[in-house]
Amino acid sequence: MTDFRSRVFGYRRKQKQDEALMAVLTKIPVFEGFSERELAALERVLHRREYLPEELIIRQDEPGLGMYIIQSGQAVVTTGRDKVQLSQLSDGDFFGELSLLDETPRSATVVAKTHCLILGFFQSDLFGLIERDPRFGVKIVIRLAKIMGDRLRHANQQVLALSDKVQELLHKKPA
Amino acid sequence: MNTPTVRPSRELAPLLIALLVAILLLFIGGAAQVVILALLLAYILDPVATALEARGMSRTLATLLIILGLIGLLVALGFFLVPTIVEQMQGLQSGSTSAQAAAAIRDIERSLKDNLSFLGLEDFDLLGRIDEFKKSIGERFFAYLLSDSLGLIISIVTIPFLTFFFLKDGREMKKALVSMVPNRYFEFTLDLLYKMDSQLGNYLRGQFIDALIFAAMAIVALWILGVNYFVFLGIFAGMANLIPYVGPIAGVIPAVAVAVLGSGDLGSALPVVVSFLVLKLIDDFVVVPYVVASSVEMHPVIVLIAIMVGGELFGILGMLLAVPVTGFFKVVLKEGIATYRKYRFT
């Protein structure tokens, strides 16, 4: 009886966990609009990690191998030796997605602020997906390329705005 | 000019680790060999399962198809090859040396006695020794089959069974293992596993395919030359080819011996040696560049010591597994150190 109950409740608990996970995944721009089958395939390769408060998640300048998604909990992003706080992350936030394409060193340090449940999706998992299901793998790569394109466009606009400002300052006659 | 210095400790470390693991496996016994063989098979067959998955098949179905195909292939090979091998081994065991060969051997024997009389060779019976050796090979083969038949049957059943599960659930097993690694070393472990997989996977698969191709070429060459027991000798040469440096020589010696003893003419050794040289050239310049994508470079001394230790501990299987196992530890150590340096573990 106990076994049956635990199996039933165990199943329900797992189902509840999966639903929560799917809800988080659908909010991530990289996986937006993916079918249930695709999300299920993705869920199978994700690494679930638990972090205690104050525990280091990623460290600045160490190799970046993939992205992390915060399923629940809060984390702090800092930079430099003085640990200047850049931002705070919480449920559904993600970081390091561009490391899926390019193994560059991490640009900041992320430390858990509260107990965090985090999902990891790494370059090797993406390469595996591309080999097993090329259509799905390419879909993720295209989505990542789009995100990169958007960021590049945004950066270009910022550079243009800054250069206009510089020109404006240069041409401004001193009073 | 800066000359690179090789630290002996770094060169020897993989060998020492492999040696420790070999001793550990020796204590665990035959079960470990079965598990290692199943793991190797699953590792070699993994790209086939992945390719089937890419064609829309589920992993379970893909694995089932591969295992059924493998069993089918083994059964078919059994039907065609086992009777031939048994027949050839029986021939080797019972067949006495031909009259021509006996005369040639008697000549050699006489010459040895005349020139090396100071060694006390008056009672030396070379022909008797050769006949005795030939019989002992066959006897040992059948004694092994009979004495260890239960173990052999268990291995034949267990290996495909284990291979099926390693192939089907290998990814989940790897993920479960990685999940046990502490958070701080998790990315490092993942990175190391990925690099090891890409370096070793191609090497092991390439070696396996190369051995198959070499065995097939040797069987055909020996059949054309009319050498007896060509199937057995060809398979032996293919397997021996897996062992660097000593393997190709070890592969040609039995073929030469059988050719000379079968014809009684020492000159019949030449076509066998030449054909094996040609096969080795084809293997090195045509087959290896295509099938062995990456090689795990190791010092010849390390390779030879590893082969000797493997042979001493596990016999022929140990000799065959010695190089890939030592290569595995070399890659683990090399990539481990390189990856470790990128992280600032405190």
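Each value, and the rule that gives it
- Residues numbered from 1 in each chain as written.
- Chains lettered and ligands numbered in written order.
- Predicted model: local features only at pLDDT ≥ 70, side-chain atom pairs only at ≥ 80, totals over all residues.
- Helix = DSSP H or I, 4+ residues; strand = E, 2+ residues; numbered from the N terminus.
- Buried ≥ 20, exposed ≤ 12 C-beta atoms within 10 Å, placed from the backbone.
- Contact = placed C-beta atoms within 7 Å.
- Arc of directions from axis to C-beta.
- Pairing = 2+ DSSP bridges.
- Axes fitted to C-alpha atoms, helices over the stretch in contact; angles between N-to-C directions.
- Nonpolar A, V, L, I, M, F, W, Y, C, P; charged D, E, K, R; others polar.
- Core = buried A, V, L, I, M, F, W, Y, C linked by C-beta atoms within 7 Å.
- Left-handed = near helix turned anticlockwise from the far one by under 90°.
- Parallel < 35°, antiparallel > 145°, perpendicular 65-115°, else oblique.
- pLDDT = per-residue confidence, 0-100.

## Regarding the overall build of chain A
Helices and strands together make up the secondary structure of chain A, namely four helices and eight strands. Secondary structure elements in chain A, listed N-terminal to C-terminal, are α-α-β-β-β-β-β-β-β-β-α-α. Counting over 175 residues, chain A shows a buried share of 23%.

## With respect to the overall build of chain B
Looking only at helices and strands, chain B features 11 helices and zero strands. Secondary structure elements of chain B, listed N to C terminal, follow the sequence α-α-α-α-α-α-α-α-α-α-α. Counting all 346 residues of chain B, 25% fall into the buried class. Across chain B, every contact between residues at least 6 apart in sequence was considered, and the portion connecting residues at least 24 apart equals 69%.

## A few points about helix 3 (residues 123-132) of chain A
Those residues of helix 3 of chain A that fall on the buried side of the exposure criterion are A:Asp125, A:Leu126, A:Leu129 and A:Arg132. Seen from one end, helix 3 of chain A has its buried residues packed into an arc of 130°, which puts them on one side.

## Re the sheet that holds strand 5 (residues 84-89) of chain A
Residues and elements named next belong to chain A. On the basis of which strands lie adjacent, the open sheet formed by four strands has the order 2-7-4-5 and antiparallel pairing. Both outer strands of the open sheet, strand 2 (56-58) and strand 5, are each paired with one neighbouring strand and no more. If you compare each strand with its neighbour and ignore which way they point, the axes differ by 30° on average. With four bridges joining them, strand 4 (residues 75-79) and strand 7 (residues 109-112) adopt antiparallel strand pairing. The residue of strand 7 that forms the bridge with Thr78 is Thr109.

## Points about the interface of chain A and chain B
Each partner contributes residues to the interface: chain A has 15 residues there, and chain B has 16 residues. Of all the elements in the fold, those that place two or more residues in the side of chain A that touches chain B are strand 1 (47-51) and helix 3 of chain A. For the side of chain A that touches chain B, the per-class residue count stands at six nonpolar, two polar and seven charged.

## Details of the sheet that holds strand 3 (residues 66-72) of chain A
All names here are of chain A. Read across the sheet, four strands follow the order 1-8-3-6 without closing on themselves; strand pairing throughout is antiparallel. A single partner strand is all that each edge strand has here, and the edge strands are strand 1 and strand 6 (94-95). Sheet topology places strand 3 next to strand 8 (residues 116-122); six bridges connect them, and they run antiparallel. Paired with Ile70 across the strands is Ile118, a residue of strand 8.

## Concerning the environment of B:Gln207
As for its placement among the helices and strands, B:Gln207 is situated in helix 7 (residues 183-224). Note: C-alpha distance between B:Gln207 and B:Ile243 (36 residues apart in sequence) is 9.7 Å.

## Section: the pairing of strand 3 of chain A
Residues and elements named next belong to chain A. Most of strand 3 sits inside the fold, with six of its seven residues counted as buried. Note that strand 3 and strand 6 share two bridges and pair antiparallel. Residue Tyr68 lies in a different strand from strand 6, and its bridge partner there is Phe95.

## Topic: the environment of A:Ile142
Here A:Ile142 shows up in helix 4 (residues 134-171). A:Ile142 gets classed as exposed once you count the C-beta atoms within 10 Å, which come to 10.

## Describing unusual backbone geometry
Residues and elements named next belong to chain A. Positive phi is not limited to glycine here, since Asp61 has a value of about 75°. Here Asp61 lies in the loop between strand 2 and strand 3. At Lys83, a residue that is not glycine, the phi angle is positive and equals roughly 55°. Here Lys83 shows up in the loop between strand 4 and strand 5.

## Here's the deal with the nonpolar core
By size, the foremost hydrophobic cluster in this structure holds 39 residues, and its most contacted members are B:Phe214, B:Ala218, B:Val227, B:Leu233 and B:Ala255. Counting residues per element, the ones that place at least two in this core are helix 7, helix 8 (230-240), helix 9 (246-263), helix 10 (269-291) and helix 11 (300-342) of chain B. Excluding its chain neighbours within four sequence positions, the residues that come into contact with B:Val227 are B:Leu222, B:Leu233, B:Ala255, B:Val258, B:Ala259, B:Gly262 and B:Val272. In terms of nonpolar packing, the next biggest core, distinct from the first, is built from 31 residues, A:Ile70, A:Phe95, A:Val110 and A:Phe122 among them.

## Focus on the packing of helix 7 of chain B against helix 8 of chain B
Residue and element names in this part refer to chain B. Viewed as axis vectors pointing N to C, helix 7 and helix 8 meet at an angle of 145°, and their least axial separation amounts to 7 Å. Note that helix 7 runs across helix 8; the crossing there is right-handed. Along its contact with helix 7, which presents Ala211, Leu212, Phe214, Ala215, Ala218, Ile219, Leu222 and Trp223, the element helix 8 presents Phe230, Val231, Leu233, Gly234, Ile235, Ala237, Gly238 and Met239. Its residues placed into classes, the contact of helix 7 with helix 8 shows 14 nonpolar, two polar and no charged.

## Observations concerning the packing of helix 8 of chain B against helix 9 of chain B
Residues and elements named next belong to chain B. For the pair helix 8 and helix 9, the least separation of the axes is 7 Å and the interaxial angle reads 165°. It follows that helix 8 is roughly antiparallel to helix 9 by the angle criterion. For the element pair helix 8 and helix 9, the recorded crossing hand is right-handed. Counting all contacts with helix 8, which are made through Leu233, Phe236, Ala237 and Ala240, the residues of helix 9 involved are Gly247, Ala250, Gly251, Pro254, Ala255 and Val258. Looking at the contact of helix 8 with helix 9 residue by residue, the class counts come to eight nonpolar, two polar and no charged.

## Considerations on the confidence of the model for chain A
Scored by pLDDT, chain A comes out at a mean of 85, with 89% of its residues at no less than 70. For chain A, the element scoring lowest by mean pLDDT is helix 1 (residues 2-27) of chain A, at 65; strand 7 of chain A scores highest, at 94.

## Observations concerning the pairing of strand 8 of chain A
Residues and elements named next belong to chain A. Counted residue by residue, strand 8 has six buried out of seven residues, so it is predominantly covered. As defined by bridge partners, strand 1 adjoins strand 8 across five bridges and the pair is classed as antiparallel. Across the sheet, residue His47 finds its bridge partner in strand 8, namely Gly120.

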